[in-house]
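Residues per chain are reported as follows:
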Amino acid sequence: FSKGPEIIKPEPLLELFGTINLPAITGKFIVRERFAVNTSDDAEVKISGRSKNFDLYFWDVIEEAIGESELNIQRLEKNSVDGLIIGELGGSENAGIFLQQIWLFMREKQAKGETDGWFVAYKEDKVRFPEDKPFAYTNKKGEHSVLRAVPFGWVGGGWDVNANLVSGSLVWHDGRQFLSGNSSVT
């Protein structure tokens, strides 16, 4: 009696590296105020630079307060592209986090002097460009959305933030750390 072909499960792309608890922000989170370039000693979060894409996608965003939250920090185990990573995070609906969570994460890391490494998070945005369409989905509010990759790292005395289309051919290299609110990642 034959058991049939053995099913080989692919190795996971992401390994849970840790979690971080983030406090609530009261009131609206206004991106242009919180992500303004400022590396002064009294800056709550030192921002040394922003890409043109970050400004294009997110400069006018105002988020409602979300309360306390927890993020998972996953380490990429092998080189990969956004689509596969988003799939492992549970798809577009589960992979996206808020810009206020990214800002709070930077604040927590900066306060502890832990500014090594580059991080990537995904942020939901509205579909505005033809290249967005293949990666669009309908979110819980019934709106056409797309995820943007938001990589950030410490450069020149502050955090440098960027934003990229996930439809590109950019390959993230192993060791990069990804943030997610997806509790199903193990």
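Everything below is about the structure printed above this text.
Along each chain, residues carry numbers from 1 onward, in the same order as the chain's sequence is written. Local features in this predicted model are restricted to residues whose pLDDT is 70 or higher, and side-chain atom pairs enter the listing and the counts only when it is 80 or higher, whereas totals over whole chains, interfaces and linings include all residues. Hydrogen atoms and water are omitted, and side-chain values are computed over all heavy atoms in the structure.

**Q** Quick question: what am I supposed to make of the overall build of the protein chain here?
**A** The secondary structure content of the protein chain amounts to five helices and 13 strands. Restricting the calculation to C-alpha atoms gives the radius of gyration, and the globule rule supplies 2.2 Å times the number of residues raised to the power 0.38. For 186 residues, the compact-globule estimate of 2.2 N^0.38 gives 16 Å, and the protein chain sits close to it at 17 Å. With the C-alpha coordinates aligned to their principal axes, the bounding extent of the protein chain is approximately 70 × 35 × 30 Å. Accessible area is worked out with a 1.4 Å probe on protein chains only. A residue is then buried under 20% of its type maximum, exposed over 50%, and partly exposed in between. For the protein chain, with 186 residues in total, the buried portion stands at 40%. Pairs of residues are marked as contacts when any of their non-hydrogen atoms sit within 4.5 Å. Taking as baseline every contact in the protein chain between residues at least 6 positions apart, the subset at least 24 positions apart corresponds to 77%. Throughout, the Shrake-Rupley method with a 1.4 Å probe supplies accessible areas, and for residues the shown protein chains are the sole cover considered. Here the protein chain has roughly 10200 Å² of accessible surface; of this, 51% comes from carbon and sulfur atoms. Neither His nor the chain ends contribute to the count of charged residues, in which Lys and Arg are positive and Asp and Glu negative. By convention, the charge on Lys lies at NZ, on Arg at CZ, on Asp at CG and on Glu at CD. Looking at charge distribution, the protein chain has the averaged site of its 21 positive side-chain charges lying 3 Å from that of its 27 negative ones. A run of H or I in DSSP becomes a helix once it reaches four residues, and a run of E becomes a strand once it reaches two; helices and strands are each numbered from the N terminus.

**Q** Would you mind showing me how to read the side chain of glutamine 100 here?
**A** Residue placement: glutamine 100 occurs in helix H5 (residues 99-111). Setting aside residues up to four positions removed in sequence, glutamine 100 forms contacts with Ile25, Phe29, Glu63, Glu64, Ala65 and Ile66.

**Q** Any chance you could explain the packing of aromatic side chains here in plain terms?
**A** In this description, a pair of aromatic rings is defined by centroid distance and the angle of the planes. For Phe, Tyr and Trp, rings pair up if their centres lie within 6.5 Å, where Trp contributes its six-membered ring, and each pair is then called stacked (planes under 30 degrees apart), edge-to-face (over 60) or tilted (otherwise). Under the definition given, this model contains 14 aromatic pairs. A centroid spacing of 5.9 Å and a plane angle of 65° characterise the contact between phenylalanine 152 and tryptophan 159, whose relative ring orientation is edge-to-face. Of the two residues, phenylalanine 152 and tryptophan 159, neither departs from the other in class, the shared state being buried. Relative to phenylalanine 178, the ring of tryptophan 172 lies with its centre 6.1 Å away and its plane at 85°, an arrangement referred to as edge-to-face.

**Q** Looking at this structure, I do not really get the nonpolar core. What am I missing?
**A** As a rule of thumb, nonpolar side chains are buried together in soluble globular proteins. The term nonpolar core refers to a set of buried residues drawn from Ala, Val, Leu, Ile, Met, Phe, Trp, Tyr and Cys, joined through side-chain atoms within 4.5 Å. Core analysis: the biggest nonpolar cluster contains 30 residues, and Phe35, Phe54, Leu99, Met106 and Phe152 have the highest contact counts within it. Of all the secondary-structure elements, those providing two or more residues to this core are strand E1 (14-22), helix H2 (52-58), strand E5 (69-76), H5, strand E7 (118-126), strand E9 (144-155) and strand E10 (158-161). Top element by residues in this core is H5. It accounts for six residues. When sequence neighbours within four positions are dropped, the list of residues in contact with phenylalanine 35 reads Phe29, Ile47, Arg50, Phe54, Trp59, Leu99, Trp103, Met106 and Val161. Grouped together as the second largest cluster of nonpolar side chains are 15 residues, Leu14, Ala95, Tyr122 and Val166 included.

Don't take any of this as a statement about function, it's just geometry.
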